[in-house]
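Next come the chains, spelled out residue by residue.
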Amino acid sequence: MEALQDLGYIGLFIGSFLAATVVPFSSDALLLGLLFAGYSVVPTVIVATLGNWLGGLTSYYVGYLGRWDWIEKWFRVKRETLEKQKSKIDKYGSMLALMSWLPIVGDLFAIALGFYKQPFVSSAIYMLIGKAVRFIVWSLFFL
């Protein structure tokens, strides 16, 4: 029985990781599914948070690898538009990572933070806080 429970946590980790990348997936639904199935709240929240956080850091890294000339060429975005977006990102900086838990736009925030080379450590810390708070709030319904 414990082996099946371990598989649930592994599935939650993988699903939460994928949901924090550009894969359209709901880590919230996975978390709630495991909690409804009787899994313990604290380990479930920790696993979901870690998976989602590492997925968000992966999105940050993908953005970090991006180059302005690629964006201009492949997505036909003008340099002026990229510079305007950079000024908005620079205004809030790493704190935008707090919002990386949001559906759809959260992934874009993580990618943009990496692309515009916002500090990694502060982005990672804010991202961890935002994602943890999200899962903690969901789990409060089960306490």
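Note that the coordinates shown come from a computational prediction; the quantities given were computed from them, not determined experimentally.

**Q** Before we move on, could you go through the overall build of the protein and cite the residues and values that matter?
**A** Per the secondary structure count, the protein includes 7 helices and 0 strands. Counting from the amino terminus, the protein carries its helices and strands in the arrangement α-α-α-α-α-α-α. Taken along the three principal axes of its C-alpha coordinates, the protein extends 55 × 25 × 20 Å. If you take every contact in the protein between residues at least 6 apart in sequence, the share linking residues at least 24 apart comes to 76%. A distance of 11 Å separates the average location of the 12 positive side-chain charges in the protein from that of its 9 negative side-chain charges.

**Q** Pulling in residues and values, what's your account of a nonpolar patch on the surface?
**A** On the surface, a cluster of nonpolar side chains totalling about 1000 Å² of accessible area is made up of Leu7, Ile10, Phe13, Ile14, Leu18, Val23, Phe25, Val42, Ile46, Leu50, Leu54 and Leu128. Where the nonpolar patch is concerned, the elements lending two or more residues are helix 1 (2–19) and helix 3 (41–65). Top contributing element to the nonpolar patch by residue count: helix 1, with 5 residues. For Leu7, the location among the structural elements is in helix 1.

**Q** Residue-level account of helix 6 (residues 105–115), with values.
**A** Within helix 6, the full set of buried residues consists of Gly106, Asp107, Ala110, Ala112, Leu113, Gly114 and Phe115. The first or second residue beyond helix 6 is Lys117, which carries a positive phi of 55°.

**Q** Break down the confidence of the model for the protein for me, with residues and values.
**A** Here the protein averages 90 in pLDDT, while 97% of its residues score no lower than 70. Ranking the helices and strands of the protein by mean pLDDT puts helix 7 (residues 120–139) first, with 97, and helix 4 (residues 68–75) last, with 75.

**Q** Provide a residue-level description of the environment of Arg134, including the pertinent values.
**A** As for its placement among the helices and strands, Arg134 is situated in helix 7. Considering only alpha carbons, one finds Arg134 and Pro43, 91 residues apart in sequence, at a separation of 15 Å. When residues no more than four places from it in sequence are discounted, the contact partners of Arg134 are Ser27, Asp28, Asn52 and Trp101.

**Q** Give me the lowdown on the pattern of salt bridges, citing residues and values where you can.
**A** Tallied over the full model, the rule gives 2 salt bridges. Residue Arg134 pairs with Asp28 through a salt bridge whose shortest N-O separation is 2.8 Å. Of the two residues, Arg134 sits in helix 7 while Asp28 sits in helix 2 (residues 27–36), which places them 106 residues apart along the sequence.

Calculation criteria
- Residues numbered from 1 in each chain as written.
- Predicted model: local features only at pLDDT ≥ 70, side-chain atom pairs only at ≥ 80, totals over all residues.
- Heavy atoms only, no water.
- Helix = DSSP H or I, 4+ residues; strand = E, 2+ residues; numbered from the N terminus.
- Contact = heavy atoms within 4.5 Å.
- Lys, Arg positive; Asp, Glu negative; His and termini not counted.
- Charge placed at Lys NZ, Arg CZ, Asp CG, Glu CD.
- Patch = residues over 30% accessible without salt bridge, like charges linked within 9 Å, V, L, I, M, F, W, Y side chains within 5 Å.
- Areas by Shrake-Rupley, 256 points an atom, 1.4 Å probe, with all protein chains shown as cover.
- Salt bridge = Lys/Arg side-chain N within 4 Å of Asp/Glu carboxyl O.
- Buried < 20%, exposed > 50% of the residue type's maximum accessible area, 1.4 Å probe, protein only.
- pLDDT = per-residue confidence, 0-100.

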